[in-house]
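Residues per chain, in single letters:
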Amino acid sequence: MQDIEQERQRKQDILMSQIVDAGYDTIAFQVYCEQIKQNGSQDIDLWTFEELQKTIQDFIKKEDQQPTNSLFQIQKIQDDSNFITEVQCQLPGRTKLTDYIMENTHKQVEIIMSEYISKSDGIISSYISFKVETKPIGWVVNRRFTDFQKLREILVMTYPCHLIPPIPGKKLKSQTGAAYLEKRMRIMELFLQNCLYHPLFKTHPLFSDFLEISDDAKLKEKFNQYEKSKGPTKPQEYTMINGSCVLEISNELQNYSNSLSDYLKNSQDIYKKTGNNFNKLCTDLENLSNTLTAITENFNTLDKLTDSFIKQTKSKGAIEQIQLVYQELSKFVTGWQYGVNFQMKNVKENFYEFFRYHKKKQSTAYEYLQSKNQLQQKYQNLKNKLNEKKEQLYNKGDPTKWELPPDIPKSLKELQFNKGEAFKYMLPNETKQVSEVREMYAFMNHQLQDEINQMIDFRIKVYAKKFVRMGQMRALETAKFHHILANFLQVLAEMQGSTTGQMYNRRASVFIDQRYDQFFGIKPK
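Residues numbered from 1 in each chain as written. Predicted model: local features only at pLDDT ≥ 70, side-chain atom pairs only at ≥ 80, totals over all residues. Heavy atoms only, no water.

Attention now goes to helix 10 (residues 251-313). Taking 1.5 Å of rise per residue, 63 residues should cover 93 Å, and helix 10 covers 92 Å from first to last C-alpha, within 8% of that figure. One or two steps after helix 10, the chain reaches Lys314, where phi turns positive at roughly 55°. (Helix = DSSP H or I, 4+ residues; strand = E, 2+ residues; numbered from the N terminus. Expected span 1.5 Å × (residues − 1).)

Okay, here's the thing in structure tokens:
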């Protein structure tokens, strides 16, 4: 009796270790046992240990060699806590722009917008045309705001899982001033530069055409061509630089997404505050400039009064020297005002507008994140709805209502005893639709971090370029004021019979010459 119990325990142990713990389908194994031996799935004592061991080995071999069906692989909805895979997609084609970049790796391509003009659009209406230059290729075109709008819309349609940089909002009819148009032009220039910097966006054929085609009618044809096409609905239809899309759903990415949402909202508020602070700084500098203008006018008035007094009294000596002091003080304050105006311009271009643009880009990034979250929610809703429907159908126990494919590798009896297996194959069309939404969500979920890094990368590039230029211009402005101050000191020194002012002025002249030559390669006028 003890031997029978020991034998039974050995058989139970091998079943547990090689079938249950190994993750094989226990219902499928029981069905297989029934095929080998009648009632073999009900009574373990009907098997000798050797028979059971061989049956287990044959079953495992059969399961491991089970032919895979790609349709079933696509339909299978896997665990959403740790899923990652890679699928093949489309490679970008060649364009004139990418060919030039590949053939001229030693040259830096730049997109510059520096001019705009008002053009007639019929008897009544008019529009603003912006000049777009692509250097050193030599392309020069004129584009209106609606052209930028269409280009961005097509990029959004083509790359729905990517973060497309922003453009200005629609122009207000009441806003036609130079400062307003200049600001819009800067944002559109940054949009094009951002697309050029992005490894994927610059490969789009329409982006190359946008920079090259000068004929408005031909460009319109290109727009119409792309507007009629549809964007990708699954990763396999997407275009990527390496020809593959990584799909990923994981707890780590979910944590990143949640943290990113907080970061974007909080940093956006700070960008807004910083922009407002710089706006106030511009106002303060403008007030200071106006005050300096008033002081300059005061010194000019004193100069005129003194000059009139000298002429009326024919006075000489000290009165003439004080008139010269008034004249030099006027020049000194005028130079000071020039510096303040220069600082105001510098702040507007390199701080205020910079933070306004990147606040707008933060908003675009937040909208992009929300799109990802909406796609995630859509997938979750579809998945839950589908699982509820499958649960109801399974509980009714009628496989004829499951819409099963004709060539599934499982018998109806296996499916009726295993809900997990039944769920894999029932309602294949609806399961495929949910899986396609899941794949796009998983692709966008993985792409999110890359796109945010790309956005920050470009921001650093713009930061460096703008602030280096700002530093150069600030140094030049300081050198100019240095020269004005030297002239003033020279006048005062000469009044006292000293040569110190002349020496100081000579040193100031050398200093400003060096700064001009260093930053611009020219001598000051």
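Still more to cover.
A separate point is the nonpolar core. Among the nonpolar cores identified, the biggest contains 75 residues, and Leu151, Phe191, Leu192, Phe207 and Leu211 are the most heavily contacted of them. For Leu192, the contacting residues outside a window of four places in its chain are Ile111, Met113, Val132, Phe148, Leu151, Phe207, Phe210 and Leu211. Within the second largest apolar cluster, 24 residues are counted, among which are Tyr326, Val333, Phe354 and Met470. (Core = buried A, V, L, I, M, F, W, Y, C linked by side-chain atoms within 4.5 Å. Buried < 20%, exposed > 50% of the residue type's maximum accessible area, 1.4 Å probe, protein only. Contact = heavy atoms within 4.5 Å.)

Turning next to the packing of aromatic side chains. As enumerated under the stated definition, the model contains 11 aromatic pairs in all. Note on Tyr159 and Tyr238: the rings are 6.4 Å apart at their centroids and 50° apart in plane angle, and the pair reads as tilted. With Tyr159 in the loop between helix 6 (145-158) and helix 7 (178-197) and Tyr238 in the loop between helix 9 (216-228) and strand 6 (244-250), this residue pair connects regions lying 79 residues apart in the sequence. Of the aromatic side chains, those joined through ring pairs into one cluster are Tyr159, Phe201, Tyr238 and Phe443. The residue whose ring lies beneath Arg143 is Phe210, and the NZ or CZ to ring-centre distance is 5.1 Å. (Phe/Tyr/Trp six-rings, centres within 6.5 Å; stacked < 30°, edge-to-face > 60°. Lys NZ or Arg CZ within 6 Å of the ring centre and 35° of its normal.)

Let us look at the UniProt feature "coiled-coil region" (unreviewed entry) in the protein. Those places that UniProt annotates as "coiled-coil region" (unreviewed entry) correspond, in this numbering, to residues 365-396. Within the segment residues 365-396, helix and strand shares are 100% and 0% respectively, and the terminal C-alpha atoms sit 47 Å apart. (UniProt positions renumbered as here; feature names shortened; annotations may be inferred.)

Attention shifts here to unusual backbone geometry. Of the consecutive residues Lys135 and Pro136, the connecting peptide bond is found in the cis state with omega at 0°. With respect to the secondary-structure elements, Pro136 resides in the loop between strand 4 (126-135) and strand 5 (139-144). Notably, Glu403 is not glycine yet its phi reads approximately 55°, a positive angle. Here Glu403 shows up in the loop between helix 11 (318-396) and helix 12 (412-416).

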